[in-house]
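# Overview (structure and organization)
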Amino acid sequence: LRIHAACSGGAVDLKGCQGNVSIEDCEICNEISAGIILEGCSGTTTIAGCDVNSCKYDGLGLHLLRGKSTHKGSVAISDSRFERNGYDGLYLGDPRFGVTLHRSFVRQNQRHGIFVRGVELEMVDTAIEENGQEAVHREDFTQGSGSGKDPQATPKPREVVDSSLPEGWRAFRTADGLTYYWDSTC
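A brief structural summary. Note that this is a predicted model, so its numbers are computed, not measured.

Turning our eyes to something else, we now look at the packing of aromatic side chains. To describe a pair of aromatic rings, one takes the distance between the centres and the angle between the planes. Across all of its chains, the model carries 2 aromatic pairs by this definition. A ring pair is formed by Tyr 91 and Phe 115, whose centres lie 5.2 Å apart and whose planes are at 35 degrees; its orientation type is tilted. With Tyr 91 in strand S11 (residues 90-92) and Phe 115 in strand S14 (residues 114-117), the pair connects residues that are 24 residues apart, well separated along the chain. This pair shows no difference in class: Tyr 91 is buried, exactly as Phe 115 is. One cation-aromatic arrangement involves Arg 81 over Phe 105; the distance from NZ or CZ to the ring centre is 4.4 Å. Over the aromatic face of Tyr 87 sits the side chain of Arg 111, whose NZ or CZ is 4.3 Å from the ring centroid.

As structure tokens, then:
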């Protein structure tokens, strides 16, 4: 299956999915956004034999959905390639997930090969090479401090300066420590 998209969401865009999902033997490309987006999902996602390449932003974006949740999930990636994407090959930002990467290639992405924010990542027989910055960039996931503010109040995210963002993109950090990206050209 070939998915060559030009859409503002992911070429494969899964939001709030519950249960198990398999993405197999696909070539995925999105010239104006990300390749695969998983946001607020739960269950097991399997990605096998896929080539995710030449996306304008991340090849795979695993994002935390706003709000409190106790669900857990996993992403098992095998025999796949994440190459020549305009941002990270894989952005792993939902700490409720564990991710395994087996017999795969992550190369020639503009920023990091893999950006890990609080996610448990296991890699076996995986090559990560020739990316613009670090092969694997790790950041801790930090929850809000619980500083005695009204628990019903939702503070607005604050804009953060990030000179490595593509032109027209802005970054915002929530009180929970999550960073969200917005394409202001759309």
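More follows now that the structure is in view.
Along the chain, the position of Asp 94 falls in the loop between S11 and strand S12 (97-102). A relative accessible area of 0% places Asp 94 in the buried class. Leave out the neighbours within four places in its chain, and Asp 94 touches Leu 62, His 63, Leu 64, His 71 and Val 119.

We now examine the sheet that holds strand S18 (residues 158-160). Taken together, the 3 strands give an open sheet; going across it, the order is S18-S19-S20, and neighbouring strands pair in antiparallel fashion. Each edge of the sheet is formed by a strand with only one pairing partner; in this case those strands are S18 and strand S20 (179-183). Across the sheet, the mean angle separating the axes of adjacent strands is 40 degrees when strand polarity is ignored. In this structure, strand S19 (residues 169-173) lies alongside S20, joined through 5 bridges in antiparallel fashion. Paired with Arg 170 across the strands is Trp 182, a residue of S20.

Counting 30 residues, the largest nonpolar core has Ile 36, Leu 60, Ile 77, Leu 92 and Ile 114 as its most contacted members. Mapped onto this core, the elements with two or more residues apiece are strand S2 (12-15), strand S5 (36-39), strand S8 (60-63), strand S9 (73-78), S11, S12 and S14. In contact with Ile 77, not counting residues within four places along its chain, are Ile 47, Leu 60, Phe 82, Leu 90, Val 99, Thr 100, Leu 101, His 102 and Ser 104. Counting residues in hydrophobic clusters, the runner-up holds 5 residues, among them Tyr 57, Tyr 87, Trp 169 and Ala 171.

The next thing to look at is the layout of surface pockets. Its volume calculated, the second largest pocket comes out at about 510 Å³. Taken together, 24 residues make up the lining of the second largest pocket; nearest its centre are Ser 8, Ser 33, Ile 37, Trp 169 and Tyr 181. Within the residue set of the lining of the second largest pocket, elements represented by two or more residues are S2, S5, S8 and S20. With 5 residues, S20 is the largest single contributor of residues to the lining of the second largest pocket. Partitioning the lining of the second largest pocket into residue classes produces 12 nonpolar, 7 polar and 5 charged.

Attention now moves to the pattern of salt bridges. Summed over all chains, the structure comprises 10 salt bridges. Here Glu 27 ties to Arg 2 by a salt bridge, and the two come within 3.6 Å at their closest N and O atoms. Of the two residues, Glu 27 is situated in strand S4 (residues 27-30) and Arg 2 in strand S1 (residues 2-5); the sequence distance between them amounts to 25 residues. Residue Glu 27 is classed as partly exposed on the basis of its relative accessible area of 24%. Between Arg 111 and Asp 88 there is a salt bridge whose closest N-O contact spans 2.9 Å. Here the residue Arg 111 occupies a position in the loop between strand S13 (105-107) and S14, and Asp 88 occupies one in the loop between strand S10 (81-83) and S11, the gap between them amounting to 23 residues. On the basis of relative accessibility, which here comes to 6%, the residue Arg 111 falls in the buried class. One network of salt bridges, with partners in common, ties together Arg 81, Glu 83, Arg 84, Arg 107 and Glu 129.

Reading guide: rules and limits
- Residues numbered from 1 in each chain as written.
- Predicted model: local features only at pLDDT ≥ 70, side-chain atom pairs only at ≥ 80, totals over all residues.
- Heavy atoms only, no water.
- Phe/Tyr/Trp six-rings, centres within 6.5 Å; stacked < 30°, edge-to-face > 60°.
- Helix = DSSP H or I, 4+ residues; strand = E, 2+ residues; numbered from the N terminus.
- Buried < 20%, exposed > 50% of the residue type's maximum accessible area, 1.4 Å probe, protein only.
- Lys NZ or Arg CZ within 6 Å of the ring centre and 35° of its normal.
- Contact = heavy atoms within 4.5 Å.
- Pairing = 2+ DSSP bridges.
- Axes fitted to C-alpha atoms, helices over the stretch in contact; angles between N-to-C directions.
- Core = buried A, V, L, I, M, F, W, Y, C linked by side-chain atoms within 4.5 Å.
- 1 Å grid on protein atoms, 1.4 Å probe; cavity = no way out; pocket = protein on both sides within 12 Å on 5 of 7 lines; lining within 4 Å.
- Points joined across faces, edges and corners; volume = space filled by probe spheres on them.
- Nonpolar A, V, L, I, M, F, W, Y, C, P; charged D, E, K, R; others polar.
- Salt bridge = Lys/Arg side-chain N within 4 Å of Asp/Glu carboxyl O.

The analysis is restricted to geometry; functional conclusions fall outside its scope.
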